[in-house]
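# A look at the structure
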Number of protein chains: 2
Amino acid sequence: MTLPFDITPFKNANPKEVRELIRKGEWTHPTSGMCLSHVQANMIVLPKDWAYDFLVFAQRNPKPCPILDVTEPGDGEARLIAPGSDVRTDIPRYRIWKDGVLVDEPTDASKYWNDDLVAFLIGCSFSFEGAMVEAGIPIRHMDMCCNVPMYITNVQCKPAGRFSGPTVVSMRPIKFAQVPKAVMATGRFPAVHGAPIHIGDPAAIGIKDINKPEFGDAVEIREGEVPVFWACGVTPQAAVMQSKPPFAITHAPGHMFIGDPKDADYAVL
Amino acid sequence: MTLPFDITPFKNANPKEVRELIRKGEWTHPTSGMCLSHVQANMIVLPKDWAYDFLVFAQRNPKPCPILDVTEPGDGEARLIAPGSDVRTDIPRYRIWKDGVLVDEPTDASKYWNDDLVAFLIGCSFSFEGAMVEAGIPIRHMDMCCNVPMYITNVQCKPAGRFSGPTVVSMRPIKFAQVPKAVMATGRFPAVHGAPIHIGDPAAIGIKDINKPEFGDAVEIREGEVPVFWACGVTPQAAVMQSKPPFAITHAPGHMFIGDPKDADYAVL
């Protein structure tokens, strides 16, 4: 359980300013609700030798792994979505993986960097939360000031080369009457996971206990609400656990890279 | 100028049957209008060493290069979009490229195949023509029984590794009153080029003579019609000409790979 934290002062902040704040180590919490209406991104960094397999994995699994940017090998700048950024320092918290095992959770990944690494920035459902809020749909984890709950499902991704693993989902409890609106509000954003992949019974996608998410924090599901599940950019981390590349850096779940583009730039219709 | 040909008998044909017909060499014409409502795909085949650069190029230029399938190195089967297919024989006409120069246009690419090659299948605007027809928008090149006109523009793609080049577009003349409908009907299909990238004055995107397309056939633009331009999957061929990989196989423009999925499978909303 992460401690409660308050994103209110950063709701309408500029992404560049928030990246600088994070770079200085002054924000180490999840980023949901920050810089609302700007795109947020998951990250996975891999040795160049594994990069092709991962790109094909992403192509075959576009719901959990929509790629927003790919850095040049050895270069920390996400030129497409955040000129001037540095993916080694601009994320509040990282996870360091060796042979598929989590070995560190630093707030700065610089000391783990080398010239052979490629970073992939992947769409995040936080990006469409602005559209949900605008549509009058409350976001429970925002209101609870905690991280979104994420679960490993039994929905297997299509493998590619050395990469395989289960789909990870994020969950938001939605009032029954608002579910169709939630589907349509998010379906317009295929590049940031788009429409939900499941609505209702958690057991149908292999989730045993809705109160025990594998990542993030549990949130209350109230009377008259249904759990709605979106494909999640933490899926590459589940693939890392299963596929065991010799080395990987990812963001810590919920602690995202905030890019410059507006969510609207990724909207279809 | 291709000779007129008649796709009428194949409008509602099954993709698997049409692929077999093509495999036997019994159809060597463009495929627009065949197997309507099923996805059609551009192809580029590259040595494995060039495959990563191309995938990053596609990620950075998703409008012209939306990837639908990537084959395993050396394997001719497009497993995702056409189980049982063979990309070496199931396209009506190929182009063979050496160092960026077109050297052959066979109807069977088998003799050029080797175990180091990877095929990329890329979304094609023919896929959304069914939706346009359903929306009551006539498709000129279908009615003229010729190939769609395609042009090299001055809109540069974002480079990636060794790949760079201009965006290629396809053009359809649309009645002024139907242009908004054409935008919306195609915008629902981002995986097959989606909404147009330009409407009107060809000179604004560097097209010098609308009657002289670089690929395909010129079509008549009638009084009260405006040329509408969609990003085109021939863009990788322009990139091949400029980037000069040692070897590449592509489809011949307009002569597509027909996959099993329905266009509707790629629709957003």
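Everything numeric here is computed off the predicted structure, so don't read it as measured data. (Residues numbered from 1 in each chain as written. Chains lettered and ligands numbered in written order. Predicted model: local features only at pLDDT ≥ 70, side-chain atom pairs only at ≥ 80, totals over all residues. Heavy atoms only, no water.)

### Things to note about the overall build of chain A
Scanning chain A from N- to C-terminus turns up six helices and 11 strands. Taken over the C-alpha trace, chain A has a radius of gyration of 17 Å; the compact-globule value for 269 residues is 18 Å, and the two agree within 12%. Along the first, second and third principal axes, the C-alpha set of chain A runs to 50 × 40 × 40 Å. Summarising the internal contacts of chain A: among those between residues at least 6 apart in sequence, 78% fall at separations of at least 24. A total accessible area of about 10100 Å² is found for chain A, and carbon and sulfur atoms account for 53% of it. A distance of 3 Å separates the average location of the 26 positive side-chain charges in chain A from that of its 31 negative side-chain charges. (Helix = DSSP H or I, 4+ residues; strand = E, 2+ residues; numbered from the N terminus. Rg over C-alpha atoms; globule rule 2.2 N^0.38 Å. Contact = heavy atoms within 4.5 Å. Areas by Shrake-Rupley, 256 points an atom, 1.4 Å probe, with all protein chains shown as cover. Lys, Arg positive; Asp, Glu negative; His and termini not counted. Charge placed at Lys NZ, Arg CZ, Asp CG, Glu CD.)

### Quick notes on the interface of chain A and chain B
Facing the 23 residues of chain A at the interface are 23 residues of chain B. Between the two partners, chain A and chain B, sit two salt bridges. Between Arg60 of chain A and Glu72 of chain B there is a salt bridge, and its shortest N-O distance comes to 3.0 Å. Viewed at the interface, chain B and chain A are joined by eight residue pairs in polar contact (both at pLDDT 80 or more). Secondary-structure elements contributing two or more residues to the side of chain A that touches chain B are α2 (48–60), β2 (67–70), β5 (117–123) and α5 (179–187) of chain A. By residue number, the principal contributor to the side of chain A that touches chain B is α2 of chain A, which donates seven residues. Broken down by class, the residue content of the side of chain A that touches chain B amounts to 14 nonpolar, three polar and six charged. (Salt bridge = Lys/Arg side-chain N within 4 Å of Asp/Glu carboxyl O. Polar contact = N/O pair within 3.5 Å; in protein donor to acceptor, adjacent residues only side chain to side chain. Nonpolar A, V, L, I, M, F, W, Y, C, P; charged D, E, K, R; others polar.)

### A word on the confidence of the model for chain A
Scored by pLDDT, chain A comes out at a mean of 95, with 99% of its residues at no less than 70. Predicted as a complex, the structure gets a pTM of 0.89 and an ipTM equal to 0.82. (pLDDT = per-residue confidence, 0-100.)

### Digging into the relation of the copies chain A and chain B
For the pair chain A and chain B, the best superposition has an RMSD of 0.0 Å and corresponds to a rotation of 180° with a translation of 0.0 Å parallel to the axis. The operation mapping one copy onto its partner corresponds to a two-fold rotation axis. Among all C-alpha atoms of chain A, that of Tyr52 of chain A lies closest to the rotation axis, at 2.7 Å. A share of 100% of interface residues in chain A that are also interface residues in chain B marks the association as one of identical surfaces. (Least-squares fit on C-alpha atoms with pLDDT ≥ 70 in both.)

### Overview of the packing of aromatic side chains
Residue and element names in this part refer to chain A. The tally for this structure, following the rule as stated, stands at 16 aromatic pairs over all chains. For the ring pair Phe54 and Phe120, a centre distance of 5.0 Å and an interplane angle of 55° mean the geometry is tilted. Of this pair, Phe54 sits in helix α2 while Phe120 is found in strand β5, placing the two residues 66 residues apart along the sequence. Each ring, one from Phe54 and one from Phe163, has its centre 5.5 Å from the other, and the planes form 70°; the classification is edge-to-face. Residue Phe54 is found in helix α2, and its partner Phe163 is found in the loop between β6 (150–156) and β7 (166–175); the two are separated by 109 residues along the sequence. (Phe/Tyr/Trp six-rings, centres within 6.5 Å; stacked < 30°, edge-to-face > 60°.)

### Side note on the side chain of His255 of chain A
Residues and elements named next belong to chain A. With respect to the helices and strands, His255 occurs in the loop between β10 (247–251) and β11 (257–262). Under the relative-accessibility criterion, His255 is labelled buried at 6%. A polar side-chain atom of His255 sits 3.5 Å from the main-chain carbonyl oxygen of Thr28. In this structure the side chain of His255 is engaged in a polar contact, spanning 2.9 Å, whose partner is the backbone oxygen of Pro253. Once residues lying within four places of it in the same chain are set aside, the contact partners of His255 are Thr28, His29, Pro30, Thr31, Ile91, Pro92, Arg93 and Asn147. (Buried < 20%, exposed > 50% of the residue type's maximum accessible area, 1.4 Å probe, protein only.)

### Section: the packing of α2 of chain A against helix α2 (residues 48–60) of chain B
One way to put it is that α2 of chain A packs onto α2 of chain B with a least axis distance of 10 Å and a crossing angle of 60°. By the angle between their axes, α2 of chain A is oblique relative to α2 of chain B. The chirality of how α2 of chain A crosses α2 of chain B is left-handed. Across from Lys48, Ala51, Tyr52, Leu55 and Val56 of chain A in α2 of chain A, the residues of α2 of chain B making contact are Lys48, Ala51, Tyr52, Leu55 and Val56 of chain B. (Axes fitted to C-alpha atoms, helices over the stretch in contact; angles between N-to-C directions. Parallel < 35°, antiparallel > 145°, perpendicular 65-115°, else oblique. Left-handed = near helix turned anticlockwise from the far one by under 90°.)

### Regarding the side chain of Thr31 of chain B
Residues and elements named next belong to chain B. Assignment of secondary structure puts Thr31 in the loop between α1 (15–23) and β1 (38–47). Looking at Thr31, the relative accessible area reads 0%, which means it is buried. A polar side-chain atom of Thr31 sits 3.1 Å from the main-chain amide nitrogen of Met256. Excluding residues that lie within four positions of it along the chain, Thr31 makes contacts with Gln40, Pro92, Phe126, Gly254, His255, Met256 and Ile258.

### Description of unusual backbone geometry
Residue and element names in this part refer to chain A. The phi dihedral of Asp99 falls on the positive side, at around 50°, and the residue is not glycine. Of note, Asp99 is situated in the loop between β3 (94–98) and β4 (101–104). You will see that Cys145, though not glycine, has its phi angle at about 55°, which is positive. Its place among the elements puts Cys145 in the loop between α4 (140–143) and β6.

### Looking at the pairing of β3 of chain A
Residues and elements named next belong to chain A. By the criterion of burial, β3 is predominantly enclosed, with four of the five residues buried. Relative to β10, β3 runs antiparallel, the two being bridged by five bridges. The residue of β10 that forms the bridge with Lys98 is Phe247. Bridging between β3 and β4 involves three bridges; their strand directions are antiparallel. Within β4, the position partnered with Ile96 by the bridge is Asp104. Here β3 hands over to β4 after two residues, with Asp99 in that stretch at a positive phi of 50°. (Pairing = 2+ DSSP bridges.)

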